[in-house]
Amino acid sequence: MKNLIEHIREALSNRPYSCTPAGLYTAETLYAGFKADDASTHSTYFDIQVYDHYINTGKGRAEEEEEALARVLHDHSVYQYLCDFLDKYDKRKVVGIMGGHGILRTSKDYREVTLLAKHLTESGSLMISGGGPGAMEATHLGALLAGYPDSAVDEAIEILSEAPGFKDEKWLATAFKVIERFPQSQYQSISIPTWLYGHEPSTPFATYIAKLFDNSIREDAILTFAYGGIVYTPGSAGTTQEIFQEITQNHYLSYGFSSPMIFMGKDFWTNEMPMYTLLDSLVQRGKYKNLLLTLSDDISEIERVLVDFRNQE
C-alpha cells in the first residue's frame, strides 16, 4: 500500500512543478529548456512555466485547496533543503546583501557590490540574497568570480552590458555567457527568490536557488540566515521593509546575538532615504538597543567590519 506522501504526490502531480522537489534549484534546473540562440525557448523554460501556473491559479493565495497544498509542500521541502545546506556553515560566515532590483549592470553600484561580494567570498563568507536582478544579481556575480583576478569583474560586466536591465531581451543569455566564461567549482552562494516577483528573473549566478511561492517565508529566511551581517545598498520599499524586519531581530536578540547592519551609500542613506540618520538617532536616544550600525562607501571598510564580526568569539 502506498504511503501518504506518495498518495499526495500522485494527486498533485498535474502541475509544472513537483510539490516534493529533489533538492534546491540550480541555474540548470530552474532554466531548464532555455536556449540562448533559440528565441522560441525564451518564454517556455521551467521557471516561466511555474510562474504562469502560479498567476493562473492565484497569485499569492491559491484559488483551490489542492494548489494551496501543493505550494505549501513545495516550500516546506525547499526550506528544509535550505536549512540542511546552511547547517554546513558557521553562522557568522553567512552574509546577506540587500538592495534595489533596478540597479543596472553598467552602474557604479553594481560593480561595487560585485567586488564586495567577490572579496567576502574569497575571505570565507557565504553570500546570500533575494536572488533577483540588480544588487542581488551583483552579489552572486561576485561569488561566481571569486578566485579570479579583480579584472574579471570588468570583463564580466562588459559581457553583461549588452543587456543592462532585467527587462532587456538578452538579460538571461548574457548571464549564461558569463557563467560559461568563468566556471566556478570552489566557491558557492545561495539565493532565495520568490514567484511572487516572478516577473523579475532569478539570477542564474547563484550556485543554489531556494525559490519559494510564499514571500513571507522567503523574506524571513534571508534576514534570519544572514547571521554574519547584512549590507544594505540603495533600494526602495522592499529594502526599507527588510531593514525594519532586521532591526526587530537585532533589538530583541531573537537569535542570541545582534548582526552588523551596514548601509552602503552615505548620500543615499542620509539624504535621499535617511534611514541611517533615523536609526542612529533612535539608538542614541535609547529607543533601539543592540544595533551594530555602519555607514560607509568604502568596500574595504565594509569587508573589515564583517570579517571582524565573523572572527569574534
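In what follows, the accompanying structure is described. Computed from a prediction, not measured in an experiment: that's the story for all the values here.

1. Concerning helix α9 (residues 215-225)
Residues spaced three or four apart along an α-helix point in a common direction, a consequence of the helix completing one turn every 3.6 residues. Summarising burial for α9: 8 of the 11 residues are buried, a large majority. Residues of α9 that are buried: N215, R218, E219, A221, I222, L223, T224 and F225. Considering only its buried residues, α9 is in contact with α4 (65-86), β1 (94-98), β2 (126-129), α6 (135-144), β5 (230-232) and α10 (237-251).

2. Some remarks on the side chain of H74
Within the element layout of this structure, H74 appears in helix α4. Using a relative accessible area of 0% as the deciding quantity, one classes H74 as buried. Non-local contacts of H74, meaning those with residues more than four positions away in its chain, are made with Y17, S18, C19, P21, Y25, W195, K211 and F213.

3. Focus: the packing of aromatic side chains
The final tally for this structure, using the stated rule, is 20 aromatic pairs. Their ring planes at 85° and their centres at 6.1 Å tell us that Y25 and W195 sit as a pair that is edge-to-face. With Y25 in the loop between α1 (4-11) and α2 (27-30) and W195 in the loop between β3 (189-191) and β4 (208-209), this pair connects stretches of sequence that are 170 residues apart. Look at W195 and you get buried, because its relative accessible area is 0%.

4. Concerning the pairing of strand β6 (residues 260-264)
With 5 of 5 residues buried, β6 lies mostly within the body of the structure. Where burial is concerned, the two faces of β6 agree: the one with P260, I262 and M264 and the one with M261 and F263 are both buried. Relative to β6, β5 runs parallel, the two being bridged by 3 bridges. Opposite I230, over in β6, you have M261 as the bridge partner. In this region the chain leaves β5, passes through α10 and returns to the parallel neighbour β6; the handedness of that crossover is right-handed. The pairing of β6 with strand β7 (residues 292-296) spans 5 bridges and is classified as parallel. Directly across from M261, in β7, lies its bridge partner L293.

Reading guide: rules and limits
Residues numbered from 1 in each chain as written. Predicted model: local features only at pLDDT ≥ 70, side-chain atom pairs only at ≥ 80, totals over all residues. Heavy atoms only, no water. Buried < 20%, exposed > 50% of the residue type's maximum accessible area, 1.4 Å probe, protein only. Helix = DSSP H or I, 4+ residues; strand = E, 2+ residues; numbered from the N terminus. Contact = heavy atoms within 4.5 Å. Phe/Tyr/Trp six-rings, centres within 6.5 Å; stacked < 30°, edge-to-face > 60°. Pairing = 2+ DSSP bridges. Right-handed = clockwise from strand over helix to strand, strands pointing away.

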